[in-house]
Amino acid sequence: MARLTDLPEWERQHHLDKIRDLPDFGRTPFVSGPPLSRRRVAIVTTSGLHVHGDRPFEMGSADYRVIPGDAPAGRLRMSHISVNFDRSGFQEDINVVFPLDRLRELEANGAVGSVSAFHYSFMGAAPIRNLEPKARELAALLKKDRVDAVLLTPV
Amino acid sequence: MGALGHYLEREGVPTAQISLIREQTAAIRPPRALWVPFMLGRPFGAPNEPDFQRRVLRALLSLFERVSGPVLEDFPEDAPAADAPVGGFACPVSFAAASVKQGDLVEAMRREIAQLAPWYDLAVRRRGRTTVGISGMKVEDAASHAASYLDGAPRPPAIPGLSAGVALKRACDDVKAFHYEAAAAQPGNLSPKAIDNWFWRETAAAKVFLAIQQICLKSSDESLQPLGKLSLVPRAVSHGLAEARQEQRKP
């Protein structure tokens, strides 16, 4: 479905136009770490998730919301402003977007070292450069929490 | 998404991301990415498929074991049954009232919500959760808020300090989520595409949304304009309507 070749021409062009507008990120950084079984993992999603009662995302929001690991699935909402992706999957099962239950299973069987008590959510529709200040802020928090494997999950 | 990989890893935090549009990820070159051939909105493939979701997650995590990058790998499997056939869906709730003139549209949407309510309640009971509720209003009130734009007397935001556009967007999102959750509880195990088709082709709510879109396009309120341009009606629906209009104009 997300193969560009499977999309109608007007939709394919929409996604290709986005590539044309991308800034140059320069050299790709690459940080090594311990084996997976000793890593601490957090999820950072750009799906516009927030905990019910927290501030929903708005047009242009470039900040993040904290998703505590103990927030019940029933408290999670999606306030991404885009209407161009499927939400029925998330409505049925949060793990299709935010796979915390699956991650906990891998923690229980020792495949990953530990799962952070905090996860984070941005809204992917924000202009790409605008995410940088909050991403840097978030990096400092993640390091303080000894997270050395961040899973980035879009919608 | 790929930008976050650059920003976090530059600060010393290792990242691995799911890529939904491979071409975009290839252009951004984040440190580690797993491209998946799934529909937008479903980065782990399909709901209630824990084994499949786990395979995607394991493949993503395995990228941390690479010694150099950037890495862009393809996940080899398609999502299970995500694109079931569209045909054959007959919604048990009758929306004959939805094909009415604009004056009755608001009333039709209210009736529609009342008719869907038992299915929505069933969905909430089965799932133990709902995604409705970002507007801070009951769905009936969210619908009335949206409908007030058609009545020519838009209600002020229920939450002080919110712009008209943000309040209207959240109200519409709640109405739509209510419809989708209700439809998913009905017989037929509907595919996402079938629910989309039903909502945008058959419901009064969608007709109200399309009318609001036109009102927002003409509005001088800057907070409403995004709803006219992009954040109320999906590109696929706008495109389909434009094509249908072109067809009609042909001699």
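Since the structure is predicted, the reported quantities are computational estimates derived from the model, not experimental observations. (Residues numbered from 1 in each chain as written. Chains lettered and ligands numbered in written order. Predicted model: local features only at pLDDT ≥ 70, side-chain atom pairs only at ≥ 80, totals over all residues.)

Each helix and strand counted, chain A has 4 helices and 7 strands in total. Beginning at the N terminus, the succession of helices and strands in chain A can be written as α-β-β-β-β-α-α-β-β-α-β. Taking 2.2 N^0.38 as the reference for a compact globule, 155 residues should give roughly 15 Å; the C-alpha atoms of chain A span a radius of gyration of 17 Å, in line with that estimate. The C-alpha extent of chain A, read off along each of the three principal axes, is 45 × 40 × 30 Å. Every one of the 155 residues in chain A was classed for burial, and the buried ones make up 44%. (Helix = DSSP H or I, 4+ residues; strand = E, 2+ residues; numbered from the N terminus. Rg over C-alpha atoms; globule rule 2.2 N^0.38 Å. Buried ≥ 20, exposed ≤ 12 C-beta atoms within 10 Å, placed from the backbone.)

Across its full length, chain B holds 10 helices and 3 strands. Reported as C-alpha extents along the three principal axes, the dimensions of chain B are approximately 65 × 50 × 45 Å.

This paragraph deals with the domain arrangement of chain B. Split by domain assignment, chain B resolves into domain 1 (2–74) and domain 2 (96–249). Computed from C-alpha atoms alone, the centre-to-centre distance between domain 1 of chain B and domain 2 of chain B is 33 Å. (Domains from an automatic or database assignment.)

Looking now at the nonpolar core. Ranked by internal contacts, the top residues of the largest apolar core, which has 63 residues, are L131 and V150 of chain A together with L4, L34 and L60 of chain B. Secondary structure elements with two or more residues in this core: β1 (40–45), β4 (76–78), α4 (132–144) and β7 (149–153) of chain A together with α1 (2–10), β1 (15–19), β2 (32–35) and α3 (50–62) of chain B. Filtering out sequence-adjacent residues up to four positions away, V150 of chain A remains in contact with A42, V44 and L142 of chain A together with L8, V13, P14 and T15 of chain B. In this structure, L105, M137, A142 and A182 of chain B belong to the second largest nonpolar core, which totals 47 residues. (Core = buried A, V, L, I, M, F, W, Y, C linked by C-beta atoms within 7 Å. Contact = placed C-beta atoms within 7 Å.)

Our next topic: the environment of F122 of chain A. One can find F122 of chain A in the loop between β6 (118–121) and α4. Expressed as a C-alpha distance, the spacing of F122 of chain A and V66 of chain A, which sit 56 residues apart in the sequence, is 9.3 Å.

Turning to unusual backbone geometry, a few remarks are in order. The omega torsion across G69 of chain B and P70 of chain B is 5 degrees, close enough to zero to call that bond cis. Secondary-structure assignment places P70 of chain B in the loop between α3 and β3 (71–74). One non-glycine residue with positive phi stands out, namely R146 of chain A, at about 60 degrees. Along the chain, R146 of chain A falls in the loop between α4 and β7. Backbone geometry places R29 of chain B, a non-glycine residue, at a positive phi of 55 degrees. Secondary-structure assignment places R29 of chain B in the loop between α2 (22–28) and β2.

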